[in-house]
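Given next are the chains, with one letter for each unit.
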Amino acid sequence: EEHSESIILKPGASKSLEVRLKRHRRCLIATAAYGSELAPQVEVLRGFRDNYILSTSSGEAFMEIFNAWYYSWSPYVAEAEERSPTLRALIKASLYPLIGCLLLSQGVYDALSSTPELAVVATGITISLLLGLIYLTPPTLPILLKLRRKPDARIPLTALLIALTLHFTALRLGYLSVLYLSGPLVVLSSLSLPPPLVHELLRRLRIHVKVLRGLRA
């Protein structure tokens, strides 16, 4: 549960010091998978959220939307993990690519850290592209290859450009409530880009292979 607490310390009659402590929600699925909130893998996830994502208005808005979605179902998965060692092992293995993506993307944030809002958006796009490539492309590619009409990567790319324009315009004008829409749109459009891009790459590769075979014949 995420909440704030205030502690009032009064060292003297004329001065008071207010200390605000903010507790962030737990990474339920990862904690159940790795067995402890202090596991190194869980600390990577928590540290990335607290030190990178939540350091900006863009990140805070995205995490509020993400938390509403994630905590609507993650407690049930965590409970299932505790009952099933097999499920726990599968989820643990599936989280390693995510952790690797987060570690790689930290370099993007660090390179742009002088402009935190740009840094967190660029980092989010990088992570989403990597996750789309790792998690979405393998199961969807066989389906895309069987379709008669090739998937058009311009659709998610256009959506990404529109979302970015909306996002940075809202930041510039101070309409921070718009970030609750533009942030998730940036992430979702980035996630959906790798499958059609890989499909197009494979299609062109097959064409080149056919051409080379024709020349050799």
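Going by the structure above, here's the rest.
Rules of the game
- Residues numbered from 1 in each chain as written.
- Predicted model: local features only at pLDDT ≥ 70, side-chain atom pairs only at ≥ 80, totals over all residues.
- Heavy atoms only, no water.
- Core = buried A, V, L, I, M, F, W, Y, C linked by side-chain atoms within 4.5 Å.
- Buried < 20%, exposed > 50% of the residue type's maximum accessible area, 1.4 Å probe, protein only.
- Helix = DSSP H or I, 4+ residues; strand = E, 2+ residues; numbered from the N terminus.
- Contact = heavy atoms within 4.5 Å.
- Axes fitted to C-alpha atoms, helices over the stretch in contact; angles between N-to-C directions.
- Parallel < 35°, antiparallel > 145°, perpendicular 65-115°, else oblique.
- Left-handed = near helix turned anticlockwise from the far one by under 90°.
- Salt bridge = Lys/Arg side-chain N within 4 Å of Asp/Glu carboxyl O.

Go over the nonpolar core, please, and point to the residues and values.
Counting 36 residues, the largest nonpolar core has Ala-30 and Tyr-34 as its most contacted members. For this core, the secondary structure elements donating two or more residues are helix H1 (28–34), helix H2 (40–51), helix H3 (57–70), helix H5 (85–111), helix H6 (116–146) and helix H7 (154–173). Discounting chain neighbours no more than four positions away, the residues touching Tyr-34 are Ala-39, Gln-41, Val-42, Lys-92, Leu-95, Tyr-96 and Ile-99.

How would you sum up the packing of H5 against H6? Please name residues and give values.
Interaxial distance between H5 and H6 falls to 9 Å at its minimum, and their mutual angle equals 150 degrees. It follows that H5 is roughly antiparallel to H6 by the angle criterion. Along this stretch, H5 crosses H6, giving a crossing that reads as right-handed. Only Pro-116, Ala-119, Val-120, Ala-122, Thr-123, Thr-126, Ile-127, Leu-130, Leu-131, Ile-134 and Tyr-135 of H6 make contact with H5, whose side of the interface consists of Ser-94, Leu-95, Pro-97, Leu-98, Cys-101, Leu-102, Ser-105, Val-108 and Tyr-109.

Summarise the pattern of salt bridges; cite the residues concerned and give the values.
For the structure on display, the rule yields five salt bridges. We note a salt bridge from Arg-204 to Glu-200, for which the minimum N-O separation is 2.8 Å. Taken together, the residues span about one helical turn, with Arg-204 and Glu-200 both in helix H9 (residues 194–216) at a distance of four residues. Judged by its relative accessible area of 15%, Glu-200 is buried.

Fair warning: the whole summary comes from geometry, so function is off the table for now.
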